[in-house]
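What the coordinates show
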Amino acid sequence: MKLFDIAHSRTGDKGNISNISVIVYDQKDYERVREYVTPERVRAHFKGIVNGEVVRYEIPTLGALNFVMQDALGGGVTRSLALDAHGKCLASALLAMDIPAKN
Amino acid sequence: MRTIRIGSGAGYSGDRIEPAVELAEKGNINYLVFECLAERTIAIAQNAKLNDPTKGYDPLLVERFEAVLPICKKNGIKIITNMGAANPQAGAAKVREIAARLGLGKLKIAAISGDDVVEALKVSDTKILETGAPASSMASVLVSANAYVGAAPMVEALANGADVIITGRVADPSMFLAPQIHEFGWSQDDWDKIGKGTAVGHLLECGGQVTGGYYAEPGKKDVADLARLGFPIAEVSEDGAIVITKVEGSGGKVTEHTCKEQILYEVHDPKTYLTPDVTADFSQITFTEIAPNRIKVGGVTGRARTDTFKVSVGYNDGYMGEGQISYAGPGALARAQLALDIVRERLKITGVKANELRFDLIGVNSIHADVLAPAPEPTEVRVRVTGRCDSMKEAVRIGNEVETLYTNGPASGGGATKSAKQVVAMLSALFPRDKVVPVIEYLEA
């Protein structure tokens, strides 16, 4: 199954840094998502897009993770040559990550 | 316990006009706030002001104020906006002109400026955060430098009876925080309350993004009536209790999940959300549905603010050229790839010097590189070549080399477009608070 099946997501941008939230629909999936969707896996998932460090913040009261990714927006929204210079679509790309069905 | 209602009338400069009218007419609000100033918008506005000293405010200011000012005047709603952009005084004068033309009677308008620190930065050794270079080393290309000012000058303007506040660069949440401080007499170092008031601002600053806009996922996260999306209202009490809602009967929805997406939007460490007013802590935040489209917000705290203002620095960064053309049907992908190869070689042959070039296949890899490869092969592909150059002349040639694929490239290319533009890019710096002095001017209609 895909992360898309159990979580939703939104991307924000600040300069050349992108942040992606991953929010579970059902709190019972939070622990599983927290265990599997590590910063290392996110970094690997975005190979070729994100060139910098990926840091993860946990917000258990929201059932949410927040990934902050450095050097992710082609030099920054205002100078990037990318079609989606804000990286707005990255949220959907992250939800394409495969996640093992129940452990 | 006293409660006020604050409406959010726009989430960005080009946002829809009618939701704010709906808020003013039916929202039972006390304040209407318009956030219309993106990072780069102010650099563009600065250029407009250089060309014409009566310009440099938001291009939709007139249209928005004509639509809402009569209703706000009638219903006693105060308006706060950063539509002043690079020229709050000219924006305020325009609002006075509109009020007079529409015969609205007495109106006190405050223009808040002082955020422009470009001249100070040109001779400053303040470091640019992204590059580490001193700001002075960029003096020849600097277009704008604006400090994100906090709520304080807006609170003062409200205390002096302003009905409308037009600002330049201020932090977005501060525009929502100012009426809360003013109405409830909060001390500006009551960090928990300022943190809560800042959470209100962060949830509302993007307009429809908390009421179901930018949220819909058909079949999983359905949102009704996005064509009539209602913009948000925050109900705030003196003790900092918060409810997020919208106009009854409007499109969209406010749920725990729409709030969760928005509170983390453009946030890095949720424990440390820095604004000019406070270090807000969203790490323990909770959202609870108390009725349909009424979400109670809890668990927000705050700590002391920092000693610096963030400054947004605009600079000239060359020229960007772009060309696109489509291929369809069997073999579309192969023809599109051939097209890219031809343009790549043409730019070499003709000696177009670019600092950076990018070759995309829209529908294949333009958004997500190889993270999401299409399968099966798409039946239509759009070629896109873009590059950044030192001269406009060279930037134009990028689009031209795509366009000439019509008669010189693969079979059946269609719909070529091209463009070239000057690039104003943004960086940031931290500037000492005491070097930024907000200025408030009042105009009376």
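Residues numbered from 1 in each chain as written. Chains lettered and ligands numbered in written order. Predicted model: local features only at pLDDT ≥ 70, side-chain atom pairs only at ≥ 80, totals over all residues. Heavy atoms only, no water.

Points about the overall build of chain B
As a reminder, the rule being used: Every helix listed is a DSSP run of H or I at least four residues long, and every strand listed is a run of E at least two residues long, numbered separately from the N terminus. Radius of gyration: C-alpha atoms only; globule rule: 2.2 Å multiplied by the number of residues to the exponent 0.38. The contact rule is simple, with two residues in contact once any of their heavy atoms fall within 4.5 Å. Here the accessible surface of atoms and residues is derived via Shrake-Rupley with a 1.4 Å probe, and residues count as covered only by protein chains that are part of the display.
Counting its secondary structure elements, chain B contains 12 helices and 18 strands. Computed over C-alpha atoms, the radius of gyration of chain B comes to 24 Å, within 12% of the 22 Å expected from 2.2 N^0.38 for 445 residues, which places it in the range of a compact globule. Oriented by its inertia axes, the alpha-carbon framework of chain B measures out at about 70 × 55 × 45 Å. When contacts within chain B are restricted to residue pairs at least 6 apart in sequence, those whose partners lie at least 24 apart make up 77%. If you sum the accessible surface of chain B, you get close to 17,800 Å²; carbon and sulfur atoms cover 51% of it.

Overview of helix 7 (residues 172-184) of chain B
Residue and element names in this part refer to chain B. Put simply, the test is: We call a residue buried when its accessible area falls under 20% of the maximum for its residue type, exposed when it is over 50%, and partly exposed in between, using a 1.4 Å probe and counting protein chains only.
Most of helix 7 is tucked away, with 11 of its 13 residues classed as buried. Along helix 7, the residues classified as buried are Asp-172, Pro-173, Ser-174, Met-175, Phe-176, Leu-177, Ala-178, Pro-179, Gln-180, Ile-181 and Phe-184. Phi turns positive one or two residues past the end of helix 7, at Gly-185, with a value near 65°.

Some points on the packing of aromatic side chains
The geometry of an aromatic ring pair is captured by two quantities: the separation of the ring centres and the angle between the planes. Condition: Any Phe, Tyr or Trp ring, taking Trp's six-membered ring, that has another such ring centre within 6.5 Å forms a pair; planes under 30 degrees apart are called stacked, those over 60 apart edge-to-face, and the others tilted. Remark: a charge is flagged as sitting over a ring if the NZ atom of Lys or the CZ atom of Arg is within 6 Å of the ring centre and within 35 degrees of the ring normal.
Per the counting criterion, the structure on display carries two aromatic pairs over all chains. Centre to centre, the rings of Phe184(B) and Trp186(B) are 5.5 Å apart; their planes meet at 40°, and the pair counts as tilted. The residues Phe184(B) and Trp186(B) share a single accessibility class, namely buried. Over the face of the ring belonging to Phe4(A) we find Lys220(B), whose NZ or CZ atom lies 5.2 Å from the ring centre. Positioned above the aromatic ring of Phe431(B) is the side chain of Lys435(B), whose terminal nitrogen or guanidinium carbon lies 5.9 Å from the ring centre.

Description of the domain arrangement of chain B
Quick reminder of the rule: For the domains described, the bounds stem from an automatic or database domain assignment.
Parsing chain B into structural domains produces domain 1 (3-114 + 149-305) and domain 2 (316-425). For domain 1 of chain B versus domain 2 of chain B, the separation of C-alpha centres amounts to 40 Å.

Considering the layout of surface pockets
The test is simple: Cavities and pockets were defined on a 1 Å grid built over protein atoms only: a cavity is a set of grid points that admits a 1.4 Å probe from which the probe cannot escape, a pocket is an open set flanked by protein on both sides within 12 Å along at least five of seven lines, and lining residues are those with an atom within 4 Å of any such point. Grid points are joined across faces, edges and corners, and a volume is the space filled by probe spheres set on the points. Lys, Arg, Asp and Glu make up the charged group, whereas Ala, Val, Leu, Ile, Met, Phe, Trp, Tyr, Cys and Pro make up the nonpolar group; the residues left over, Gly among them, are polar.
Size it by volume and the second largest pocket reaches roughly 400 Å³. Forming the walls of the second largest pocket are 23 residues, and the residues nearest its centre are Ile49(A), Ala72(A), Gly74(A), Ala82(A) and Arg358(B). Per-class residue counts for the lining of the second largest pocket are 10 nonpolar, nine polar and four charged.

Here we look at the sheet that holds strand 10 (residues 279-281) of chain B
Residue and element names in this part refer to chain B. Note the threshold: By the convention used here, strands pair only if DSSP detects at least 2 bridges between them. With axes taken as lines fitted to C-alpha atoms, and helix axes fitted only over the stretch in contact, angles between N-to-C directions fall between 0 and 180 degrees.
Sheet architecture is open: three strands sit in the order 9-10-13, paired in antiparallel fashion. A strand with exactly one partner marks an edge of an open sheet, and here the two such strands are strand 9 (273-274) and strand 13 (301-303). Relative to strand 13, strand 10 runs antiparallel, the two being bridged by three bridges. For Asp-281, the partnering residue across the bridge sits in strand 13 and is Thr-301. Each of strand 9, strand 10 and strand 13 is contacted by helix 8 (residues 191-204), which is oriented at about 115° to strand 13, the strand it contacts most.

Considering the pairing of strand 5 (residues 142-147) of chain B
Residues and elements named next belong to chain B. For strand 5, the buried fraction is high: six of the six residues fall into the buried class. Bridging between strand 5 and strand 14 (residues 308-328) involves five bridges; their strand directions are antiparallel. Looking at strand 14, one finds that Ser-144 is bridged to Gly-314.

As for unusual backbone geometry
All names here are of chain B. Phi is positive for Glu-266, close to 60°, though the residue is something other than glycine. On the secondary structure map, Glu-266 appears in the loop between helix 9 (256-263) and strand 9. Assessed through its relative accessible area of 15%, Glu-266 is described here as buried. For Asn-293, which is not glycine, the phi torsion reads 60° and is therefore positive. Tracing the backbone shows Asn-293 in the loop between strand 11 (286-291) and strand 12 (294-298).

Looking at the sheet that holds strand 4 (residues 64-69) of chain A
In sheet architecture, strand pairing relies on hydrogen bonds along the backbone and comes in two forms, parallel and antiparallel. Strand order in the open sheet formed by four strands is 1-2-4-3 (chain A), and the pairing between neighbours is antiparallel. Of all the strands in the sheet, the pair left with one neighbour each is strand 1 (7-14) and strand 3 (54-59) of chain A. Averaged over neighbouring strand pairs, the angle between their axes works out to 20° when direction is ignored. Across eight bridges, the pairing between strand 1 of chain A and strand 2 (residues 17-24) of chain A is antiparallel. The residue bridging Ser9(A) from the neighbouring strand is Val22(A), located in strand 2 of chain A. Against the sheet, helix 9 of chain B makes contact with strand 1 and strand 2 of chain A, and its axis sits at roughly 30° relative to strand 1 of chain A, the strand it touches most.

Considerations on the environment of Gly298(B)
Residues and elements named next belong to chain B. With respect to the helices and strands, the residue Gly-298 is situated in strand 12. Separated by 56 residues in the primary sequence, Gly-298 and Ile-242 place their C-alpha atoms 7.4 Å from one another. Among all residues touching Gly-298, those that are not within four sequence positions of it are Gln-284, Ile-285 and Thr-286.

Some thoughts on the packing of helix 3 (residues 61-75) of chain B against helix 4 (residues 88-101) of chain B
Residue and element names in this part refer to chain B. The condition that has to hold: Any angle from 65 to 115 degrees is called roughly perpendicular, while one under 35 is roughly parallel, one over 145 is roughly antiparallel, and all others are oblique. With the far helix as reference, a near helix turned anticlockwise by less than a right angle produces a left-handed crossing, and one turned clockwise produces a right-handed crossing.
Viewed as axis vectors pointing N to C, helix 3 and helix 4 meet at an angle of 40°, and their least axial separation amounts to 10 Å. Taken together, the axes of helix 3 and helix 4 are oblique relative to one another. Here helix 3 runs over helix 4; the crossing is right-handed. Touching Leu-61, Val-62, Phe-65, Glu-66 and Leu-69 of helix 3 are Gly-91, Lys-94, Val-95, Ile-98, Ala-99 and Arg-101, all from helix 4. The residue makeup of the contact of helix 3 with helix 4, split by class, is seven nonpolar, one polar and three charged.

Let's talk about the nonpolar core
Residues and elements named next belong to chain B. The condition that has to hold: In this description, a nonpolar core means a group of buried Ala, Val, Leu, Ile, Met, Phe, Trp, Tyr and Cys residues linked to one another through side-chain atoms lying within 4.5 Å.
By size, the foremost hydrophobic cluster in this structure holds 72 residues, and its most contacted members are Ile-165, Ile-244 and Phe-287. With six residues, helix 7 is the largest single contributor of residues to this core. When residues are assigned to domains, this core turns out to be shared by domain 1 (3-114 + 149-305) and domain 2 (316-425), each giving three or more. Among all residues touching Ile-244, those that are not within four sequence positions of it are Leu-203, Leu-204, Val-210, Ile-233, Ala-234, Val-254, Cys-259, Asn-293, Arg-294, Ile-295 and Val-297. If you look at the next biggest cluster of nonpolar residues, it comprises 34 residues, including Leu-23, Tyr-57, Leu-61 and Leu-229.

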